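# Residue-level structure breakdown
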Amino acid sequence: MTAQTHSLTEAATSRLVRIREADLDLQLHYNDMGEGPETIVMLHGSGPGASGWANFNRNLEPLVNAGYRVILMDCPGWSKSDPIVCSGSRSDLNANALKGLLNALNLEQVHLIGNSMGAHSAVAFALANPQRIGKLVLMGGGTGGPSQFVPMPTEGIKLLQGLYRDPTINNLKQMMKVFVFDSSSLTEELFQTRLDNMLSQQKHLDNFVKSLAANPKQFTDYGPRLGEIAAPALIIWGRDDRFVPMDVGLRLLWGMQNAELHIFNRCGHWAQWEHADKFNRMVLDFFQH
Ligand SMILES: O=C(O)CCC(=O)/C=C/C=C(\O)C(=O)O
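From a predicted model like this one, the values you see are computed outputs, not experimental measurements.

Moving on to the sheet that holds strand β4 (residues 69-74). Taking strand neighbours across the sheet as the criterion, the 8 strands line up as β1-β2-β4-β3-β5-β6-β7-β8 in an open arrangement whose pairing is mixed. The sheet is open, and its two borders are formed by β1 (14-21) and β8 (259-264), each paired with just one other strand. Averaged over all pairs of adjacent strands, the angle between their axes in this sheet comes to 25°, without regard to strand direction. Across the sheet, helix α5 (residues 117-128) lies against β3 (39-43), β5 (110-115) and β6 (133-139), angled at about 150° from β6, the strand it touches most.

Given below as structure tokens:
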């Protein structure tokens, strides 16, 4: 552990900020750590109880040690950010929240790492604000829309939606076992932390269900616009992803101007957690060259 990372705890890096952007006027929670000329913002997925810290805690230290400022944004409707009902595009809503956060922190340009919903939101942000993007890392997401091979919603997304409606420990375990390739890596402590996160914000759970009822397709299909994105992009997928299938990654690869794709074998929807060491090395190499 270096001097930079000895204080890398959720509590020590936790911050709140008020943002006003487009039709949003709300309080956002984020974690802020490290120092350096370049900033990486990480955007989490849409599962119940998700947060920047829950999704990316295995990926922070190498980036901070390499001299990056790292920010985890908790999207509106998750963790300690304000609740919201989303009846339009969740990808665009999160992109607006990110713009508000960057403006509040005086950050003109950043790199983005997005997981699942976070990847959908990163692409929405890149389309709306091309000049504010350095590089993009997208895992298990990047655009809504169909898979060529797998019926949608996938089994994972059905379990996720069921968990929002009925947030029990058994439903949580069922969902998380489909999340990852090797479910023996999931500990009771991890389940309990996730359950506590979920149940501490009942309003977020209720609002997600209301949002789905108002608009079942929360994530815009940006397929036709992917060619507008010129930023270098590293797409990372799990071969065994049962939430957002791997061919969505191929759509991104074909669509974006400057993208490359890495597919992990024996990997589900959480590449940054399931293959953290290799993921961290690949991401650092991508940012540094
Ligand atoms: O519905 C989609 O396309 C996105 C699903 C999604 O974001 C799931 C993410 C789940 C997590 O990463 C999580 O809960 O930690």
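Here we come to helix α4 (residues 90-104). Counted at 1.5 Å a residue, the expected span for α4 with its 15 residues is 21 Å, and the 21 Å between its end C-alpha atoms agrees. Here α4 has its buried residues at R90, S91, L93, N94, A95, A97, L98, G100, L101 and L102. N-capping of α4 is provided by S89, with a side-chain oxygen placed 3.4 Å from the backbone N of S91. Of the residues one or two after α4, N106 is the one with positive phi, at around 55°.

As for its position among the elements, R15 is in strand β1. For R15, a relative accessible area of 32% gives the class partly exposed. In this structure the C-alpha to C-alpha distance between R15 and Q131, which are 116 residues apart in sequence, comes to 26 Å. Among the polar contacts listed, one links the side chain of R15 to the backbone oxygen of A12, at a separation of 3.3 Å.

Residues in contact with the ligand amount to 17 residues; listed here are only the nearest, N55, N115, S116, H120 and R194. A distance of 2.9 Å is found between an oxygen atom of the ligand and a side-chain nitrogen or oxygen belonging to N115. Residue H120 places a side-chain N or O atom 2.8 Å away from an oxygen atom belonging to the ligand. Look at the ligand: alone it shows 400 Å² of surface, and the protein chains cover 93% of it. Here the residues of the shell around the ligand sort into 8 nonpolar, 8 polar and 1 charged.

The rules behind the values
Residues numbered from 1 in each chain as written. Predicted model: local features only at pLDDT ≥ 70, side-chain atom pairs only at ≥ 80, totals over all residues. Heavy atoms only, no water. Pairing = 2+ DSSP bridges. Helix = DSSP H or I, 4+ residues; strand = E, 2+ residues; numbered from the N terminus. Axes fitted to C-alpha atoms, helices over the stretch in contact; angles between N-to-C directions. Contact = heavy atoms within 4.5 Å. Expected span 1.5 Å × (residues − 1). Buried < 20%, exposed > 50% of the residue type's maximum accessible area, 1.4 Å probe, protein only. Polar contact = N/O pair within 3.5 Å; in protein donor to acceptor, adjacent residues only side chain to side chain. Near = heavy atom within 4 Å. Areas by Shrake-Rupley, 256 points an atom, 1.4 Å probe, with all protein chains shown as cover. Nonpolar A, V, L, I, M, F, W, Y, C, P; charged D, E, K, R; others polar.

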